[in-house]
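The chain contents come next:
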Amino acid sequence: METPGLVVQGEAASFSTALRSLLNNPQYSDVCFVVGQERQEVFAHRCLLACRCNFFRGLLGPKLGPGMPSPVVLSTVPAEAFLAVLEFLYTNSVRLHRHSVLEVLTAAVEYGLEELRELCLEFVVKVMDVEMVCEALQVAVTFGLGALQERCVAFIEAHSREALRTRGFLELSAPALLPLLRSDRLCVDEAELVLAARSWARVGAAVLERPVAEVAAPVVRELRLALLAPAELSALEEQNQREPLIPTCFLKLSLQIPDTQSKSSCLLIFPNSAPIVFLIHVGAPARNLHLRLALFLCITAASCGFHLLRD
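Predicted, not measured: the structure shown is a model, and the values here were computed from it.

Brief notes about the confidence of the model for the chain
Averaged over every residue, the pLDDT of the chain is 84; the share at 70 or more is 77%. Every residue in residues 259-284 is under pLDDT 50, and counting partners more than four places away or in other chains gives 66 contacts. Scored below 50 in pLDDT, residues 307-311 shows 20 contacts in the model against residues more than four places distant or in partner chains.

Right, dumping it as structure tokens:
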């Protein structure tokens, strides 16, 4: 009985180099893509793309007739990102760059290339910075990349002021902005967050040609106006009259909440119980969950007739 043969491996590096030489090489190519807004021509090989990626197998289909078929137009993917995708398909490796990795990640998700997607995600986490994080958050929310979204939100929580000033923040969609506004750990005062939300809504209003208040409607409910000092609420009300952002009913409700924004401690006295002291510091970030709980208890207790004393 014949023994099974032994599989031996040649040198992988030389094989990869040979395939890389075919990348975007018109010689022997049998398909041409026109990619990006610049409509750059990119040459490839149907059999290689079809065997490596189901997306291209369905896109290209069986070849009909001799000669080069009509170019395949892919206008939404930038040429640099598309070439990175082809590099991965040809060589099973890819050189990623910080300035284009999110576009490569987007293409990998759209083309169903899970291995390339994971490589891009690992790279994004390694090179993430303030200028990039909001753009990465938008990609994460758009494509349901939960782990990346958590990473981005955590990064923004640690670098809140810097991130809120970036162009990427202003270009976030409403669904991408909501996780930030719902966070309890943003290192920024609520007044600054309201200003950032207004700037975000202005940009959206200019792009969509809609009123600022209409653009802001999906997100303003997440602004914690009760954490604003009375003077900040009054200033917000005046600005809201000049440029509507927040529904008037929200502002009126917030203006009726007792002033618990004190830099000193609050002493809450419950009947037949030991007093409880809450330290409320306006100077510290006011979105902390424990601080919110303290404020809520103070407001609730005051409204129920308990004694609220301050030193």
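Brief notes about the pattern of salt bridges
By the definition in use, this model includes 10 salt bridges. Asp-129 is paired through a salt bridge with Arg-98; the nearest N and O atoms lie 2.9 Å apart. Taken together, the positions of Asp-129 in the loop between α6 (114-127) and α7 (130-143) and Arg-98 in the loop between α4 (79-91) and α5 (101-110) put the pair 31 residues apart, joining distant regions of the chain. On the basis of relative accessibility, which here comes to 26%, the residue Asp-129 falls in the partly exposed class.

Here's the deal with the sheet that holds strand β3 (residues 72-74)
Within a sheet, neighbouring strands are paired by backbone hydrogen bonds and run either parallel or antiparallel to one another. In spatial order, the strands read β2-β1-β3; together these 3 strands make up an open sheet with mixed pairing. Each edge of the open sheet is held by one strand with a lone partner, namely β2 (40-44) and β3. Each strand of the sheet is rotated relative to its neighbour by a mean of 30°, with strand direction disregarded. Of the strand pairs in this sheet, strand β1 (residues 31-35) and β3 are connected by 3 bridges, and their pairing is parallel. Pairing of Phe-33 across the sheet is with Val-72, part of β3.

Overview of the packing of aromatic side chains
In this description, an aromatic ring pair is defined by two values, namely the gap between the centres and the angle between the planes. Throughout the structure, instances matching the rule amount to 6 aromatic pairs. With centroids separated by 4.4 Å and ring planes inclined at 20°, the aromatic side chains of Phe-55 and Tyr-111 adopt a geometry described as stacked. One end of the pair, Phe-55, is in helix α3 (residues 54-60); the other, Tyr-111, is in the loop between α5 and α6, and 56 residues separate them in sequence. Residue classification places Tyr-111 among the buried positions, given a relative accessible area of 7%. Ring geometry for Phe-56 versus Phe-82: centroids 6.2 Å apart, planes at 70°, classification edge-to-face. Linking Phe-56 in helix α3 with Phe-82 in helix α4, this pair joins segments that are 26 residues apart in sequence. A relative accessible area of 0% places Phe-56 in the buried class. Relative accessible area serves as the criterion here: at 0%, Phe-82 is assigned to the buried category.

A closer look at the pairing of β2
In terms of strand pairing, β1 meets β2 through 5 bridges, oriented antiparallel. Each residue of the ladder has a partner; that of Val-34, found in β2, is Glu-41. Hairpin connection from β1 to β2: 4 residues lie between these consecutive antiparallel strands, with Gly-36 at a positive phi of about 75°.

Observations regarding the nonpolar core
Grouped burial of nonpolar side chains is what soluble globular proteins tend to show. In terms of nonpolar packing, the biggest core is built from 82 residues, with Phe-33, Phe-82 and Tyr-111 touching the most fellow members. Per-element accounting of this core gives the leading share, 9 residues, to α4. When residues no more than four places from it in sequence are discounted, the contact partners of Tyr-111 are Cys-53, Phe-55, Phe-56, Leu-74, Val-77, Phe-82 and Val-85.

A closer look at unusual backbone geometry
Phi at Asn-24 is positive, roughly 55°, even though this residue is not glycine. With respect to the secondary-structure elements, Asn-24 resides in the loop between α1 (12-20) and β1. Residue classification places Asn-24 among the partly exposed positions, given a relative accessible area of 26%. Although it is not a glycine, Arg-39 adopts a positive phi angle of roughly 55°.

Remarks on the side chain of Thr-166
Structurally, the position occupied by Thr-166 is in the loop between α9 (160-164) and α10 (167-170). Overall, the relative accessible area of 2% leaves Thr-166 in the buried class. Here the side chain of Thr-166 touches Phe-169 through a polar contact of 3.3 Å, landing on its backbone nitrogen. Leaving out residues up to four positions away in the same chain, Thr-166 has contacts with Val-130, Glu-131 and Cys-134.

Rules of the game
- Residues numbered from 1 in each chain as written.
- Predicted model: local features only at pLDDT ≥ 70, side-chain atom pairs only at ≥ 80, totals over all residues.
- Heavy atoms only, no water.
- pLDDT = per-residue confidence, 0-100.
- Contact = heavy atoms within 4.5 Å.
- Salt bridge = Lys/Arg side-chain N within 4 Å of Asp/Glu carboxyl O.
- Helix = DSSP H or I, 4+ residues; strand = E, 2+ residues; numbered from the N terminus.
- Buried < 20%, exposed > 50% of the residue type's maximum accessible area, 1.4 Å probe, protein only.
- Pairing = 2+ DSSP bridges.
- Axes fitted to C-alpha atoms, helices over the stretch in contact; angles between N-to-C directions.
- Phe/Tyr/Trp six-rings, centres within 6.5 Å; stacked < 30°, edge-to-face > 60°.
- Core = buried A, V, L, I, M, F, W, Y, C linked by side-chain atoms within 4.5 Å.
- Polar contact = N/O pair within 3.5 Å; in protein donor to acceptor, adjacent residues only side chain to side chain.

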